[in-house]
Amino acid sequence: MAITLYELGGDQDYRYCPFCWRSLMALRHKGLHDFKRVPVYYRDRSPIAFSGQDRVPVLVDGDRWVNDSWDIACYLEDTYPDRAPLFGTDSGRSQARFISAWTLELQRPALTAILMWDAFEHVDPADRAWWRADREKRFGKLESYRGDRQDKVVAWRKLLEPLRVTLGEQAFLGGESPAYADYIVFGSFQWARCISRLELLETSDPVYAWRERLLDLFDGFARSAPHVAT
Amino acid sequence: MVIQLYELAGKGDVKLSPHCWKSVYALSHKQLAFERVGVKFLEKERIAFSGQKLMPILRDGESVVCDSWAIARYLEQTYPERPSLFGGAIGMGETRFINDWTNKVQIFAFRRLFIRDAYDHVDPEEQAHYRATREARFSQSQEQVRSGRPVNKNDVAPPEDGYGGAYGNTLEEMQADRDTRIHEVRRLLEPVRVVAASQPYLAGGQPGYADYSVLGPFIWAKSVSRFRLLEADDPIHAWRDRMFRLFDGLGHATGHPV
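For the structure given in this document, a descriptive report is provided here. (Residues numbered from 1 in each chain as written. Chains lettered and ligands numbered in written order. Predicted model: local features only at pLDDT ≥ 70, side-chain atom pairs only at ≥ 80, totals over all residues.)

**Overview of the sheet that holds strand β4 (residues 63-66) of chain B**
What holds strands together in a sheet is hydrogen bonding between their backbones, with the strands either parallel or antiparallel. Residues and elements named next belong to chain B. Pairing is mixed across the open sheet formed by 4 strands, whose spatial order is β2-β1-β3-β4. Edge strands, defined here as strands with exactly one partner in the open sheet, are β2 (34-39) and β4. On average, each strand axis in the sheet is tilted by 20° relative to the strand beside it, whichever way the strands run. Strand direction decides the pairing type here: strand β1 (residues 3-8) and β2, joined by 6 bridges, are parallel. Each bridged residue has a counterpart across the sheet, and for Tyr6 the counterpart in β2 is Val37. Strands β1, β2 and β3 (57-60) of the sheet are contacted by helix α1 (residues 18-29), whose axis makes an angle of about 160° with β1. (Pairing = 2+ DSSP bridges. Helix = DSSP H or I, 4+ residues; strand = E, 2+ residues; numbered from the N terminus. Axes fitted to C-alpha atoms, helices over the stretch in contact; angles between N-to-C directions. Contact = placed C-beta atoms within 7 Å.)

Given below as structure tokens:
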């Protein structure tokens, strides 16, 4: 059955949406390699109008569709139970929600503020007016985020301390093998990698080594994605 | 021989360690009978058999296990036919992260809210020791005074301005601004709040070790302090109440009402 993932499109085909990356990694984790990726732009969301809402990612699997990255992960786990587990058990599924909530705390406002201007520059040019208006309502002038970011990065790295400790002890959040919890956190790192040259992590950080492992998964699937060259 | 759990204890045998509470709940979850052995700060010769100085320590027949996380893993491996603490390999990996979050964020943020209250619950003969070691370890100048002596790796303070800010210099100063500090601490609990609002326990429909990790600091708090950590309408409050009711209301029966 044909699978399609509708994801956010950006400038020069950068596909940077962190939630879409959760779903992309989840699909590959389940061994589903042959899916179509369809970019959706802020200015025209008609491709996903069938889902009755206007946000990506949206997964279409044969005659079924699911929106929201969390629901997509649950759908994949329930629909393909014989393939590599994303959660394993009900506890695994429930506890992944904590990691999702923790990741949002990392993302907003700290990481969002650090990468605001990079994000703007990678929005598709025809979407930028909409994006600027939308973001400036919430965050103020985009230009105010263009200054030196090093202090903010150093402060942000401290927020990673629990992750750093865990990944100093085990290879993945899922234990010895990657699981959906890893893709939740990785989505934010992949978003950053797609749009920014900024070195978020020091190479000696266990989180850096973990990110390298994630980039290597599925024949370097995430590593080979279009991103800003460093 | 019945299983024994050695726990850090103070005046009137009140238990003084969040990590020990994690192990108490893990043992209860596994439906194991066990004896709780309180050990005061300066009674370390009583745990010399373990080859180190930190608690909790589990003694199960010939096995001696130190460190609350190692104890949880030991119990899961040794008693696999009893209710699972982790829910499989992925569940264990995730639980480790939640436990590390507890150790690095929650416990650090909580400690200074009632570190002076805890002093009142330390055995009077050990209060001077408690004050000297805690002020050395957690004061703003702790980087300068830390001198390579063994400290609990879970007790090493995170960055000075991380997780609720730097501690003060004395126990009194550390606790003094808690009425303003509490708002930041409640905000740090946001991941727990989000999950507690959508499901009964962190582990889902039933509690697991992830819940006991986060519960440990709450019971540690009420053991020594009446300070109000949570608002009544906070989803974490309802989760905590469910947790307090487990195992014949052990949490409610411990320490001060909150």
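**Thoughts on the interface of chain B and chain A**
Residue-level contacts link 32 residues of chain B with 32 residues of chain A. Counting residues per element, the ones that place at least two in the side of chain B that touches chain A are α3 (88-119) and α8 (190-196) of chain B. Here the element with the most residues in the side of chain B that touches chain A is α3 of chain B; it accounts for 15 residues. Here the side of chain B that touches chain A is built from residues that sort into 16 nonpolar, 11 polar and 5 charged. (Nonpolar A, V, L, I, M, F, W, Y, C, P; charged D, E, K, R; others polar.)

**Some remarks on the nonpolar core**
Membership of the largest hydrophobic core comes to 119 residues, with the highest contact counts inside it found for Ala26, Ile99 and Tyr180 of chain A together with Ala26 of chain B. Top contributing element to this core by residue count: α3 of chain B, with 14 residues. Two domains each put at least three residues into this core: domain 1 (3-79) and domain 2 (90-220) of chain A. Among residues more than four places away in sequence, those in contact with Ala26 of chain B are Ile71, Ala72, Leu75, Leu85, Tyr209 and Tyr212 of chain B. (Core = buried A, V, L, I, M, F, W, Y, C linked by C-beta atoms within 7 Å. Buried ≥ 20, exposed ≤ 12 C-beta atoms within 10 Å, placed from the backbone. Domains from an automatic or database assignment.)

**A short note on the environment of Met92 of chain B**
By the element assignment, Met92 of chain B lies in helix α3. Ignoring any residue separated from it by four or fewer positions in sequence, one finds Met92 of chain B in contact with Gly175 of chain A together with Phe86 of chain B.

**Structural notes on the pairing of strand β1 (residues 3-8) of chain A**
Residues and elements named next belong to chain A. Relative to strand β2 (residues 35-40), β1 runs parallel, the two sharing 6 bridges. Across the sheet, the residue bridging to Leu8 is Val40, located in β2. You can see the chain leave β1, run along helix α1 (residues 18-29) and come back into β2, and the turn it takes is right-handed. When β1 meets strand β3 (residues 58-61), the two strands line up antiparallel, connected through 4 bridges. Looking at β3, one finds that Leu5 is bridged to Leu59. (Right-handed = clockwise from strand over helix to strand, strands pointing away.)

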